[in-house]
Amino acid sequence: MNKITHKILEGNKLSREDDISFLINGSLSELSNGADEIRKKFCGNHIDLCTIINGRSGRCSENCKYCAQSEHYCTNIEEYEFLNVDKIVSVCKSVESDGVHRFSVVTSGRSLSDEDFTSALKAYKNMQKECSNIELCASHGLLTEEQFRELKASGVFRYHANIETSRRFFPQICTTHTYDDKIACIKAAQRAGLSVCSGGIIGLGENWEDRIDMAFSLQELGIESIPINVLIPIKGTPLQNQKPLSEDDIIRTIVIFRYINPTAYIRLAGGRALMQDSGRHAFHSGANAAITGNMLTTSGNNIKQDLEMLSDEGFDILREIKI
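Residues numbered from 1 in each chain as written. Predicted model: local features only at pLDDT ≥ 70, side-chain atom pairs only at ≥ 80, totals over all residues. Heavy atoms only, no water.

Draft legend 1. The overall build of the protein chain, seen in detail. Per the secondary structure count, the protein chain includes ten helices and eleven strands. Its C-alpha atoms give the protein chain a radius of gyration of 19 Å, near enough to 20 Å, the size a compact globule of 323 residues would have. Seen through its principal axes, the protein chain has C-alpha atoms that stretch 55 × 45 × 35 Å. Across the 323 residues in the protein chain, those meeting the buried criterion constitute 56%. (Helix = DSSP H or I, 4+ residues; strand = E, 2+ residues; numbered from the N terminus. Rg over C-alpha atoms; globule rule 2.2 N^0.38 Å. Buried < 20%, exposed > 50% of the residue type's maximum accessible area, 1.4 Å probe, protein only.)

Following this line, the structure appears as structure tokens:
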């Protein structure tokens, strides 16, 4: 076992001042084993599963180069306004019965209109009443601190706002909002008392230093859930010809995030299809959470497949009963 792994297992966190070149150049097999030990020590054997519903699709004003939902690109995705509240509640009930731990409503756009925000609050209040054994998450763009407080009062536990990549690389993928806009959003959600889920996308053209910077930024923000998406190039976006990452590079990234964020949920998100068996090996390389079911405009494992795979691998996937 290398010195870095020992340091973390003893309760010390890595910092930007540490020499972490081993994470980039070291044996992937050894690093995967080390990340697995770190996960076991600080997070146990429980796997956290989240399902997403696309609450509003397309016509987004932002120009994120990877995104099929931006109005700046022609991707021929299905577009619709904010979903009917009863539809959202019905889906929440369904995934709750399937055994998923969290349910998140995700909407396209920079933020929500007053009308849509009112509908979202109604949906969360109804889900809180009718779905007593699942935690509610939300992802509605750059909201205000007062809106975050209203979400929390309506039953939302966690807010999702990806920083996407490093501060250095962010302007290469989006110019309609800034990295600092993202940071301000996260801090406002935290001040409102919400847990925050924040990660990003790898395979955009960034380098290893950008991924490490993102991992440290999330550590410094105290993020509790870190989704790692892997770019699947979408026709019609500026990144449609981007070369997909290898599975080894994906696994090494997951390892790096576990080493830098030893107590966080490292959550497999979009792009799991780029790994064998939807990322089975990743759960033995530091990952301990996943987005399951139908996800936004790309799809991953369905709930039944994930439950079976994770159970076969010996993980605890039982949901704690709320009192």
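Draft legend 2. Structural view of the packing of helix H4 (residues 85–98) against helix H5 (residues 114–130). Contact geometry of H4 with H5 gives a least axis separation of 9 Å together with a crossing angle of 35°. For the element pair H4 and H5, the recorded crossing hand is right-handed. Only Ser119, Lys122, Ala123, Asn126, Met127 and Glu130 of H5 make contact with H4, whose side of the interface consists of Val85, Ile88, Val89, Cys92, Lys93 and Glu96. Along the lines of polarity and charge, the residues of the contact of H4 with H5 split into six nonpolar, two polar and four charged. (Axes fitted to C-alpha atoms, helices over the stretch in contact; angles between N-to-C directions. Left-handed = near helix turned anticlockwise from the far one by under 90°. Contact = heavy atoms within 4.5 Å. Nonpolar A, V, L, I, M, F, W, Y, C, P; charged D, E, K, R; others polar.)

Draft legend 3. Fine view of the pairing of strand S7 (residues 225–230). With six of its six residues buried, S7 lies for the most part within the structure. Neither face of S7 is left uncovered, since the one carrying Ser225, Pro227 and Asn229 and the one carrying Ile226, Ile228 and Val230 both have all their residues buried. Alignment of strand S6 (residues 200–202) against S7, held across three bridges, turns out to be parallel. Opposite Ile201, over in S7, you have Asn229 as the bridge partner. In the classification by handedness, the crossover that spans S6, the intervening helix H8 (residues 208–221) and the parallel S7 is right-handed. Examined bridge by bridge, S7 and strand S8 (residues 265–268) share four bridges and lie parallel to one another. Among the inter-strand pairings, Ile228 is bridged to a residue of S8, identified as Leu268. Note that the unit made of S7, helix H9 (residues 247–260) and S8 has a crossover that is right-handed. (Pairing = 2+ DSSP bridges. Right-handed = clockwise from strand over helix to strand, strands pointing away.)

Draft legend 4. The arrangement of empty space enclosed by the protein in detail. Applying the stated rule across the entire model yields two cavities of 30 Å³ or more. The computed volume of the second largest cavity comes to approximately 30 Å³. Considering the residues around the second largest cavity, the lining is formed by Ile228, Val230, Ile250, Ile254, Leu268, Ala269, Gly270, Gly271, Arg272 and Met275. For the lining of the second largest cavity, the elements supplying multiple residues, two or more each, are S7 and H9. (1 Å grid on protein atoms, 1.4 Å probe; cavity = no way out; pocket = protein on both sides within 12 Å on 5 of 7 lines; lining within 4 Å. Points joined across faces, edges and corners; volume = space filled by probe spheres on them.)

Draft legend 5. Representation of H5. The end-to-end C-alpha distance of H5, which contains 17 residues, comes to 24 Å, matching closely the 24 Å that a straight helix rising 1.5 Å per residue would cover. Those residues of H5 that sit buried are Asp116, Phe117, Ala120, Leu121, Ala123, Tyr124, Asn126 and Met127. On its buried face, H5 sits against strand S1 (48–56), H4, strand S2 (102–107), strand S3 (135–139), helix H6 (145–153) and strand S4 (156–160). (Expected span 1.5 Å × (residues − 1).)

Draft legend 6. Layout of the nonpolar core. If you look at the biggest cluster of nonpolar residues, it comprises 95 residues, and the most contacted ones within it are Met127, Phe148, Leu151, Tyr159 and Tyr259. Of all the elements, H9 adds the most residues to this core, at eight residues. In contact with Met127, other than residues within four places in its own chain, are Ile88, Val89, Cys92, Phe103, Val105 and Leu136. (Core = buried A, V, L, I, M, F, W, Y, C linked by side-chain atoms within 4.5 Å.)

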